[in-house]
Structures are given as C-alpha cells and as structure tokens.
Amino acid sequence: MSSPFSASASDLQALGYSVLPLIPADWASHTGRGKCPGEYRSGGWQGMSKWQRFRDTTPSAFELGLWAKAPGANIGLLMGTVARKDLHVVVLDFDAQDADVLDTLLRSAPASPMVKRGAKGESRFYLAPKTLKTASYDGPDGRLLDRLTGFDTRQTVVPPSIHPETGKPYVWLAGPVRADELPVLTDDDMTALEEALEVCGWSRERVSAGKDRPARAPRCGELDPDDIWSETKSAALANLDKWVPALDLYGCRPARGGFEAVATWRASSTGQPIPDRKRNLSIQRDGIKDFGTNETYSAIDLVMAARDCEQAAATDWLRERLGLKDDSVVIALDMPTVGDDDLPEPLRERAPVVDHALAPMPVVDHAPERLQPVTAPVSDNLQVFGGELPDALTRAPGLVGSITDWICDTARKPQRAGALMAALEIVGTAAGRTFSGPTRTGTHLYGLFLAPSGAAKDHPLKAIDRVLRAATLGAHVGPGEFMSMSALVSRLNRQPLTLTCIDEFGGYLGRINGRKASPHEKAITRTLRSAWGSSFDTMATPEWAGRVGEPIFSPALSIYGVSTHEEFFANLDGADVFNGFLNRFLIFSTHARVEEREPLLDKTAVPDAIVDGLVAIVASLPPLSRATSHNSASDGPSIVVPWDDKYAHQAYMAFGQECERREQDAVFFTRSAEMAQRMATIRAIGRDGAAAKVTLDDMDWGIALARWSAEQTVEMASDYMTESEHDQHMTSVRTIIRQAGEISRSDLVKRVHRQMDSRRLEGVIKMLVDGDMIHEARGPVPLSGGRGKTLYRTGPSPGAA
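From a predicted model like this one, the values you see are computed outputs, not experimental measurements.

So, how was this worked out
All residue numbers refer to position in the chain's written sequence, counted from 1. It should be noted that, the model being predicted, local features are given only for residues of pLDDT at least 70 and side-chain atom pairs only at 80 or more, the latter also being counted only at that level, while totals for whole chains, interfaces and linings use all residues. With hydrogens and water stripped out, all remaining heavy atoms of the structure feed into the side-chain values. Under the DSSP-based scheme used, a helix requires at least four consecutive residues in state H or I and a strand at least two consecutive residues in state E, with every element numbered from the N terminus. Think of it in three bands: with a 1.4 Å probe and only protein chains considered, a residue is buried below 20% of the maximum accessible area for its type, exposed above 50%, and partly exposed in between. Any pair of residues with heavy atoms lying within 4.5 Å of one another is described as a contacting pair. Axis lines are fitted to C-alpha atoms, over the contacting stretch for helices. Their N-to-C directions set the angle, which ranges from 0 to 180 degrees. We call two directions roughly parallel when the angle between them is under 35 degrees, roughly antiparallel when it is over 145, roughly perpendicular when it lies between 65 and 115, and oblique otherwise. Left-handed describes a crossing whose near helix is turned anticlockwise from the far helix by less than a right angle; the clockwise case is right-handed. Ten residue types, Ala, Val, Leu, Ile, Met, Phe, Trp, Tyr, Cys and Pro, are classed as nonpolar, four, Asp, Glu, Lys and Arg, as charged, and the remainder, Gly among them, as polar. Centres within 6.5 Å are what make two rings of Phe, Tyr or Trp a pair, Trp counting through its six-membered ring; a difference in plane orientation under 30 degrees is then read as stacked, over 60 as edge-to-face, and the rest as tilted. The pairing criterion for strands is at least two bridges between them, as found by DSSP. Within this document, salt bridges are pairs made up of a side-chain nitrogen of Lys or Arg and a carboxyl oxygen of Asp or Glu, the two lying within 4 Å of each other. Each residue carries a pLDDT value, the predictor's own confidence for that position, ranging from 0 to 100. His residues and chain termini do not enter the charge count, which takes Lys and Arg as positive and Asp and Glu as negative. Distance and chemistry together define a polar contact, namely a pair of N or O atoms within 3.5 Å, with one atom able to donate a hydrogen and the other to accept it when in protein, and with adjacent residues in sequence counting only for side-chain atoms on both sides.

Student: Can you walk me through the overall build of the protein chain in this structure?
Tutor: For the protein chain, the helix and strand inventory stands at 25 helices and 28 strands. Buried positions account for 53% of the 801 residues belonging to the protein chain. Long-range contacts, defined as pairs at least 24 residues apart, comprise 71% of the intrachain contacts of the protein chain with a sequence gap of at least 6.

Student: I'm lost on the packing of helix α8 (residues 398-409) against helix α9 (residues 416-431) in this one. Help?
Tutor: Helix-helix packing is characterised by the crossing angle of the two axes and by the distance between the axes. It is the contact of α8 with α9, at a shortest axis distance of 8 Å, that shows an interaxial angle of 135°. Relative to α9, the element α8 is oriented oblique. Between α8 and α9 lies a crossing whose hand is right-handed. Of α9, the residues touching α8 (which contributes L399, V400, I403, T404, D405, I407 and C408) are R416, A419, L420, A422, A423, L424, I426 and V427. Here the residues of the contact of α8 with α9 sort into 12 nonpolar, one polar and two charged.

Student: Please explain the packing of aromatic side chains as it appears in this structure.
Tutor: Centre-to-centre distance and the angle between the planes together describe a pair of aromatic rings. Tallied over the entire structure, the rule returns 13 aromatic pairs. With a centroid separation of 6.1 Å and 50° between ring planes, the pair formed by F125 and W172 is classed as tilted. Here W172 lies in strand β12 (residues 171-174) and F125 lies in strand β8 (residues 122-128), a separation of 47 residues in the sequence. Classification of F125 as buried rests on a relative accessible area of 0%. You can call W172 partly exposed: its relative accessible area is 24%.

Student: Help me understand the packing of α8 against helix α17 (residues 608-618) in this model?
Tutor: Packing of α8 against α17 brings their axes to within 10 Å, and their N-to-C directions diverge by 145°. For the crossing formed where α8 meets α17, the hand is left-handed. Between α8, through L399, S402, I403 and W406, and α17, the contact on the second element is made entirely by A609, I610, G613, L614 and I617. Of the residues assigned to the contact of α8 with α17, the class counts are seven nonpolar, two polar and no charged.

Student: Just checking my understanding: could you explain the sheet that holds strand β4 (residues 74-78) for this structure?
Tutor: To summarise the sheet geometry, strands pair through backbone hydrogen bonds and adopt either a parallel or an antiparallel arrangement. Strand order across the open sheet formed by three strands is β1-β4-β11, with antiparallel pairing between neighbours. Since the sheet does not close on itself, it has two edges, and those belong to β1 (19-22) and β11 (155-158), each with one partner. Recorded for the sheet is a direction-independent mean angle of 40° between the axes of neighbouring strands. In terms of strand pairing, β4 meets β11 through four bridges, oriented antiparallel. Across the sheet, residue L77 finds its bridge partner in β11, namely T156.

Student: Sorry, what's going on with the pairing of β1 here?
Tutor: Side chains on a regular strand alternate between the two faces of the sheet. Side chains of β1 alternate between two faces, with V19 and P21 and L20 and L22 buried alike. Of the strand pairs in this sheet, β1 and β4 are connected by four bridges, and their pairing is antiparallel. If you follow P21 over to β4, its bridge partner there is I75.

Student: Would you take a moment to explain the pairing of strand β16 (residues 287-290) for this structure?
Tutor: The two faces of β16 differ: I288 and D290 on one face are buried, but G287 and K289 on the other face are not. Sheet topology places strand β15 (residues 281-284) next to β16; four bridges connect them, and they run antiparallel. Along β16, the bridge assignment pairs L281 with D290. Between the antiparallel neighbours β15 and β16 lie two residues. Pairing of β16 with strand β17 (residues 295-297) involves three bridges; the strand directions are antiparallel. Its bridge partner being in β17, I288 is matched across the sheet by Y297. A loop of four residues connects β16 with β17, the two strands running antiparallel in sequence, and N294 in this loop sits at a positive phi of about 65°.

Student: Which parts of the structure should I look at to understand the sheet that holds β17?
Tutor: Strands sit in the order β13-β14-β15-β16-β17 across an open sheet of five strands; the sheet is antiparallel. At either margin of the open sheet sits one strand with a lone partner, and together these are β13 (253-255) and β17. Going from strand to strand, the sheet's axes swing by 25° on average, the running direction of each strand aside. Across three bridges, strand β14 (residues 258-261) lies against β15 in antiparallel orientation. Bridging across to β15, A261 finds its partner in L281. Strands in contact with helix α6 (residues 299-307) are β15, β16 and β17; relative to β17, the strand with the most contacts, it is inclined by about 105°.

Student: Can you walk me through the environment of P110 in this structure?
Tutor: Relative to the elements of secondary structure, P110 occurs in the loop between α3 (99-108) and β7 (115-117). Spatially, the C-alpha atom of P110 lies 9.2 Å from that of V184, the residues being 74 residues apart in sequence.

Student: Please clarify how the pattern of salt bridges should be interpreted in this entry.
Tutor: Side chains carrying opposite charge are able to pair once their charged atoms draw close together. Enumeration according to the criterion identifies 27 salt bridges in this entry. Ionic pairing is found between D697 and R683, a salt bridge with its closest N-O pair at 2.6 Å. Taken together, the residues D697 in helix α22 (residues 696-721) and R683 in helix α21 (residues 672-688) connect sequence positions 14 residues apart. Of the residues examined, R683 reaches a relative accessible area of 4% and is grouped as buried. A salt bridge links D688 to R687; the nearest nitrogen and oxygen atoms lie 2.9 Å apart. Salt bridges here are not isolated pairs; linked through shared partners, they connect R683, R687, D688, D697 and D698.

Student: Sorry, what's going on with the environment of V781 here?
Tutor: Mapped onto the elements, V781 comes out in the loop between β27 (775-778) and β28 (790-793). Classification of V781 as exposed rests on a relative accessible area of 59%. If we skip the residues at most four places from it in the chain, V781 touches G786 and G788.

Student: Sorry if this is basic, but what is going on with the confidence of the model for the protein chain here?
Tutor: Predicted coordinates in regions of low pLDDT should not be interpreted in detail. When pLDDT is averaged along the protein chain, the result is 80; 82% of the residues meet or exceed 70. Per-element confidence in the protein chain is highest for α21, whose mean pLDDT is 96, and lowest for helix α18 (residues 623-630), whose mean pLDDT is 59. In the predicted structure, residues 206-227 sits below a pLDDT of 50 and forms 53 contacts with residues beyond four places in sequence or in another chain. Every residue in residues 326-386 scores below 50 in pLDDT, and together they form 139 contacts with partners more than four places removed in sequence or on other chains.

Student: What's the story with helix α14 (residues 524-532) in this structure? I'm lost.
Tutor: An α-helical segment advances 3.6 residues per turn. Residues three or four places apart therefore align on the same side. Burial analysis of α14 places eight of its nine residues in the buried class, the great majority of the element. When we look at burial in α14, the residues that qualify are I524, T525, T527, L528, R529, S530, A531 and W532.

Student: Just to check I follow, could you spell out the side chain of K457 for this structure?
Tutor: Summarising the element assignment, K457 is placed in the loop between β19 (446-450) and α10 (458-470). For the buried K457, which has no salt bridge, the nearest side chain bearing the opposite charge is E504, at an N-O separation of 5.6 Å. Among the polar contacts listed, one links the side chain of K457 to the backbone oxygen of P452, at a separation of 3.2 Å. Excluding residues that lie within four positions of it along the chain, K457 makes contacts with F449, A451, P452, V562, S563 and T564.

See the structure below:
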C-alpha cells in the first residue's frame, strides 16, 4: 500500500528538495512518531542515524526504493539543502496557540508561495544564507516560532503525512514550488518579525539559538522540545559518572568536575600514536568537545563514536545506564538484539601491532593525510566496473589460478567466476588461523556466486569438498547448512576453521529470515556477522539453560553459497543490507549462458601439484606449532604476511579512503577494503607460501575484485529490490482482473483505491495493456444510451482466433 512518503517523495525531489522517511504517526507509543526520521527493518521501525548527511548527499536509488516500500512512512523535508548559490532552504514554523498572537506574527512575516499546516499554525518556506541559524522563540504561554535551518540541521513534516495527534493529513496552503523559486528571508525580515515577537511576549534572553550564536546540544537540565532525544542528552550531562567510565575511553580520567580522554576513533592530526596523544576530549556538565578538532558532541553522539554504533543503539545504551524509562525512545518491535559486532564498522586504519617474535611488518606511515601518491604501475583492471567479471581477473599466479583452471577444466559448463571464488576459499581455508594479512585480518571469506538456473553453479561447490579432502583437510569441510544459531556455535566450538558450502543459498536465507522462523534460526545471521569480523579475536557465544556459553577463539568460518539472482534478493531482508550482513559477502555474479562441452579433465582426480601446494601451506609451521595454531584456543596468527613495499600499502589505504567517500553506497562498500586485502593475501600465500608478501600487483588485483563485487551488488540490489513496488502494483491489478475473469473499470478502481491513486492506476493499466498482459474492451451499450463500460480481461485478446 502506498504511504505518504511514496506518494510525494518523487515530486518533491523533482522540485529540488531533500526528503526523508519518518516513523508512521500510529507507530506504537513512540514520542517522535510521525515526526522522527526512521528506517523500517525486520518488520519494525527504528530511528535513522546520521540522517543529517542527506542535506548535502542525495540518497541512493536503493535507499529511496526501500523508503518508498516502508509501510505508512510519513515524509520529512530536510532543511539546509542548497537551492541557489549560497542560499539554503529554511522554514519558519509558527506554533502560537492564541489566534490573535498567531495573526500578528503571520502579518509580520514575509509571504511565501509554499506554506503547509499541521494541527495548528502554519509553516512558511524560504531561502537564506548558511549564516542564518536554527532558533526557537518562546512566549509566556509556550512556543511561538521555530526557525529551522541547515545549521544544526532540522527537518519538517510535510503533506500528505499524517499528524500523530489529530490523525489527519498535513495540507498545503500554498505550493509546493521549485526550491529555487522560494523568496529570500533577509535580516530585515527577521528584525521585523522579532519586533512582533516581542510585542507577543518574547524576550531576547529566551532565544535558544540566537543569530550570532551557534546552536548546541542541550546542557545539563535543559530540554529542547524540538529534539525527541533531549531528555536522554540532558540526563546524561547531569549524571556523567553513571555512563562515561563505562565507555572505557582511552586514557579517561577525572578532570575539572568531569572527564577527559583521547578520541581514538579519529586519526591524530599530528600523526602521533595513541599512547602519545593528548587528552583533547573534554566531557563536562556544560557540554562535550574535542579540542583537537573543535568538534562538539551530544552524549548520544559520543556514545555512537566511542562504541561505533548507530543512534538507536547508543540511545538505548545510555538510557539503560541512566535508569530512564523506555517510553520516549525509538521503539523497534520484533527486532533482534543488536550488539556491537552486528553494526557496520567504518573503515579506519588501525596502527598494526608488531610482534617481533612473528614475521615482522615493515614500518609504514599510517597517517592518511601524509600518504604519497602511488607511483608504481597500477593495473588497468582497477577501472573495470559493471558487466561480466573480466576474464583477466580470473587468471592468478600460483595455487589460486591453478585451482580455478582445474575446476573449469573438469566442468561441463565452466564458470570462471564461480571457480575463482571456490579457489580463493580453498586456499584461504588451508591458510586459516595460521596466516594473516598485513593488518592482521584473516583469510576466511563469505562468498556468493549468483547465476541463472541451469548454469551449473553446483560444480565449483562440489569441487571444494573434493579438493579439501584430497589435501587431508576434510575435517574442515562444514555442513550443508546450519539449522539454528546453536548448531552454528556448536560447529565453531568444535572446529573454528570451517568452510561450509550452501546450495540454494537464497532459499536458505528465506527460511531463516521468514516470518515463521524460530528465534534460533533468525539469530543465525547475527552470529555470522560476528564470526566474519573476529579475525584472531575472541568471539563470545550465548549461554542457555543447562549449557554454558564458551568463547570461540579466532573463528575462521568461510561460506561458499550459490543461488539465482531472483531467489537471493527476494529473500534478502532490508535489515540484512543495513546491519552489515550483505556487505560481508564477496558476490560474483554472471548472467552468461555457457554451452555444454565434454570436460577436459577427470573431476575425481585432483592434480598432485594442487594437493602438494595446499599441504605445503598447512605445513608452513613445524608440527608442534601447527598443532598449537589449529587448536581451539589459538588466538593469534603464527605468520603475518607483510607488505612487499610502501606502494602496496598505499594502494590499500587509498582504496579504503575511496570506500569511505562513497557515502551513497556506504552500506555496500564498508568492508570492501578489508575484503581486497584478504584476497590479495590469499593470492600471495598461494604463490609463495610462508615466504609470501603482499605486492602492489596482489593488492591491485584484490581491489579490482572487491570493487567489481561491490559495484555489481549496488546495481543488483537496485534492480531486484527497489523496483518491486511498481511490479507489485502491476501484479496486483493483473491478479484482480484474472480472478474476476472480466471486470469493469469502475469496479477495478473500487478494488484498488486503497493501494494506489487514479494517476498511478492509469499508468499501471497502460503498461499492462501495452505489454499485452491484459486486454481492454468496450461493453454493450446500455438501454438508456451512451457508451458501454470499459472492461478488462486477461487471456487471449478479444476476437483472436
């Protein structure tokens, strides 16, 4: 069913405005219902974190598609969007209760061609320079006016959203008009308006954010009625001792009645290592500021930065420690518990820990701002994006290339992309829990090969089992699927180094994401997210009644899944996109149809060179060290594969920075740099074994594959997940007509009026008729005269033989 957002978002965007989905007006008892930016995930609504970024960044087509499908979403218009050079969209929101006071203020304000109304008053839209700041004006009986701007970015609810108190839609009193046609709100306009405000009882001392004073978070004891998180922020500043120590900030110590610490989540501006950095982060009852960057934080902002989590999780964490009720925070019903490991991690370069007892790492300058341009030759493959995976990228030196070729030579329908994925995971498993990349990331991968039905996707999958068992690594071959989270945990407890192959992965995902899935099934994806990022770390496990939770040391789980495009994306939950499940997968896709042929080699005979190469990787350590490396308590790499030179490391760093800059596609690129390094490390190990070093050529190749995978995933998600609303309308109309056998236009309109408006229905009917999916005919002329009814039917065209 259409929502206020889906009904008006495209029109407002076409006029030059930035829009956001808002939590529906009838959603539970949430204080910000109807007005708070939100996201619909796993059947529930939760607050949208960092929504202010869309003031300057256009949402991706994928995000807009998901927002349009979110049930009941209201729509908000973001302030601060640039409409003309140096002029930004702002709004004056008149809230006076008294009719005479409201009339006085409206007469004193400049006219606008774009005005909307909610429960009371009205809101007028203008343009203003960025120097105009958000402000609130209060009279003796409450709020008189809010000035909402891009400074301290705000958003305002617009029609046809439903008001949470009246249950009626907001309405346009004028407009909307193009953003660049709005009038400019000048200083003289504000001077005249403030004079009228004083007549109505406003005092200049009550301005919450004056013209010449930057807006700030509420201080201890202050509540901002326009900020639904104000209570949490204010209580946090009033009770620093209850939560600041629990953040475990580096170097945190009491200072000046509050605390000071090191802001480790950002790079040092002077390139200092963490132990040598100053305690520039000041946390006081009157505010929080990082004096290293002059950036200010609210309490929620600080928790988000320190714990690397989203706004909803940070708010919950704070409120739990402050002992606040839960009735004024964002509520997400039927949502699984979210922990730190579940949330997307920003790509940050952490200084490597050099263990001189292991393979030493070269000393490289890690400050991104001081990186020199890569001057060594860079592979042309770095520029390859869409289409089929270039054949050149499937050709690799060493074991990775040899295994890829052998899988293709033993296939009736060779698929090089799927074979390459299998080869990477085979070599990565042989090296698992012994080798690490230069930044100590593991060699395990989650891989997914998407291809049409009948494309022989299962041949690489079966080859994995055959190759590992031939190389005496059969103990590391995992089950065909995990039936529950407890089964997954049990497997990793017994065998932390596991490669599991899952056929029909899309269908499997549908079962564990489905409405009828048990809590233990739904928790599988959360456990998989945690395992992917636990390279040589300890992974905590749940504890059940009668079963003690046992930590898993250095889990190295690899997954090789195959599916069709349609089945995978049909069963992918929107939450899986944003919680980091999807971006942990390296996805190779093909739409090519390969002709069948006689295999060139016997699939049952794994070449000795491949077996010997894998055994040599496993035997890179002496037997006693190898046994220690592979026991359940192993907690660190025995061999750290170093960078071959500074250029390889700079290529990795540059790609990481590129991924960070891709704000529109952040959910797809967040882990691409780490994936690239894992693949480059695997290739190097497959070529040189224990003497491996990650070269620039290795890194270029890994980057090209990771970038191609992410680019393809963006396109596929857009194709398969964001077009479905229109497809659903077409399917719905065609189903109604088919079930009725024949239906008149008037009856059809009655059947679908709750799903779409007449304009949308007209477009759907036209596409169905033009596509020969339904047929239009004229009914008999009524006895009273006039024209016969317009009739629609499916099946053969009327009059066809």
